[in-house]
Amino acid sequence: CRVHDIGIGDSRSTDQILKQGQSFGERTLLTGEPRAANVTAMDDVVTLAMDRETFQTSLGDLQHLINYQSKLSCIKSLPIFANSDLTDIELQRLADSTEEICYKKGTKLCRVGKPHPLRVWFIKKGQLLVYGGKSGKIFNLQAGDYFGEKSILLGTNNNDSS
């Protein structure tokens, strides 16, 4: 199956091709919210399906597993990883080592010349404005983009831009 036109709000992700053993629709099962993607059979497909009521009655609260699957799906859909040669185990390790952090509109994640945590940020949803530094360059980052990789590679936590 091909999962395409993936989006929640203004967030967009790279289309995914599902293979045997992969799933879709977890968020809808848990929250009852409308689907966030189109799913199209690319050839003859046989599925196992379960409605929301049966899922909750049979399996109880599996929120933590669904959250993990959501994080893993996000990692796999980021353009930097979607077309990489990383194995499923390597992608799972990446998902295991990330944490979801939410920032309110207007929050500064980093400031020019100020120390900040040595981390790389992968944008799952929303937009960030990057400005300042030596060039004063201004640009936007959005879902699928990332930043902070230079700090990780150089081992320095001083920012050229915020």
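To be clear, the structure that these remarks concern was listed above.
In this report, we go over the structure that sits alongside the text. (Residues numbered from 1 in each chain as written. Predicted model: local features only at pLDDT ≥ 70, side-chain atom pairs only at ≥ 80, totals over all residues. Heavy atoms only, no water.)

## Considering the nonpolar core
Inference 1: Judged by nonpolar contacts, Leu109, Cys110, Trp121, Ile123, Val130, Leu141 and Phe147 together constitute the single largest core of 7 residues.
Inference 2: Formed by 6 residues, the second largest nonpolar core is a distinct cluster that contains Leu72, Ile75, Leu78 and Phe81. (Core = buried A, V, L, I, M, F, W, Y, C linked by side-chain atoms within 4.5 Å. Buried < 20%, exposed > 50% of the residue type's maximum accessible area, 1.4 Å probe, protein only.)

## Things to note about the side chain of Lys76
Inference 1: With respect to the helices and strands, Lys76 occurs in helix 3 (residues 63-77).
Inference 2: Judged by relative accessible area, Lys76 falls into the buried class, the value being 17%.
Inference 3: With residues up to four places along the chain from it excluded, the contact list for Lys76 reads Gln16, Gln22, Phe81, Ala82, Asp88 and Leu91. (Helix = DSSP H or I, 4+ residues; strand = E, 2+ residues; numbered from the N terminus. Contact = heavy atoms within 4.5 Å.)

## Focus: the pattern of salt bridges
Any two side chains of opposite charge can pair if their charged atoms end up close together.
Inference 1: One pass over the structure, following the stated rule, counts 2 salt bridges.
Inference 2: The salt bridge involving Lys76 is made with Asp88; its shortest N-O contact spans 3.9 Å. Of this pair, Lys76 sits in helix 3 while Asp88 sits in helix 5 (residues 88-96), and the two are 12 residues apart along the sequence.
Inference 3: Linking Lys124 and Glu100 is a salt bridge whose minimum nitrogen-to-oxygen distance equals 2.8 Å. Of this pair, Lys124 sits in the loop between strand 6 (121-122) and strand 7 (127-130) while Glu100 is found in the loop between helix 5 and strand 6, placing the two residues 24 residues apart along the sequence.
Inference 4: On the basis of relative accessibility, which here comes to 34%, the residue Lys124 falls in the partly exposed class. (Salt bridge = Lys/Arg side-chain N within 4 Å of Asp/Glu carboxyl O.)

## What to know about the packing of aromatic side chains
Inference 1: Summed over all chains, the structure comprises 3 aromatic pairs.
Inference 2: A ring pair is formed by Trp121 and Phe147, whose centres lie 4.7 Å apart and whose planes are at 15°; its orientation type is stacked. In this pair, Trp121 is assigned in strand 6 and Phe147 in strand 9 (residues 146-147), connecting sequence segments 26 residues apart. Of the two residues examined, Trp121 and Phe147, each falls in the buried class.
Inference 3: Cluster of aromatic residues (ring-pair linked, three or more members): Phe81, Phe122 and Tyr146. (Phe/Tyr/Trp six-rings, centres within 6.5 Å; stacked < 30°, edge-to-face > 60°.)

## Things to note about the environment of Gly106
Inference 1: Along the polypeptide, Gly106 turns up in the loop between helix 5 and strand 6.
Inference 2: Sequence separation of Gly106 and Leu128 is 22 residues, and the distance between their C-alpha atoms is 9.3 Å.

## A closer look at the side chain of Ser77
Inference 1: By secondary structure assignment, the location of Ser77 is in helix 3.
Inference 2: Separated by 2.9 Å, the side chain of Ser77 and the backbone oxygen of Cys74 make a polar contact. (Polar contact = N/O pair within 3.5 Å; in protein donor to acceptor, adjacent residues only side chain to side chain.)

## Side note on the environment of Gly25
Inference 1: Looking at the element boundaries, Gly25 is found in the loop between strand 4 (16-17) and helix 1 (26-31).
Inference 2: Residue Gly25 is classed as buried on the basis of its relative accessible area, which comes to 18%.

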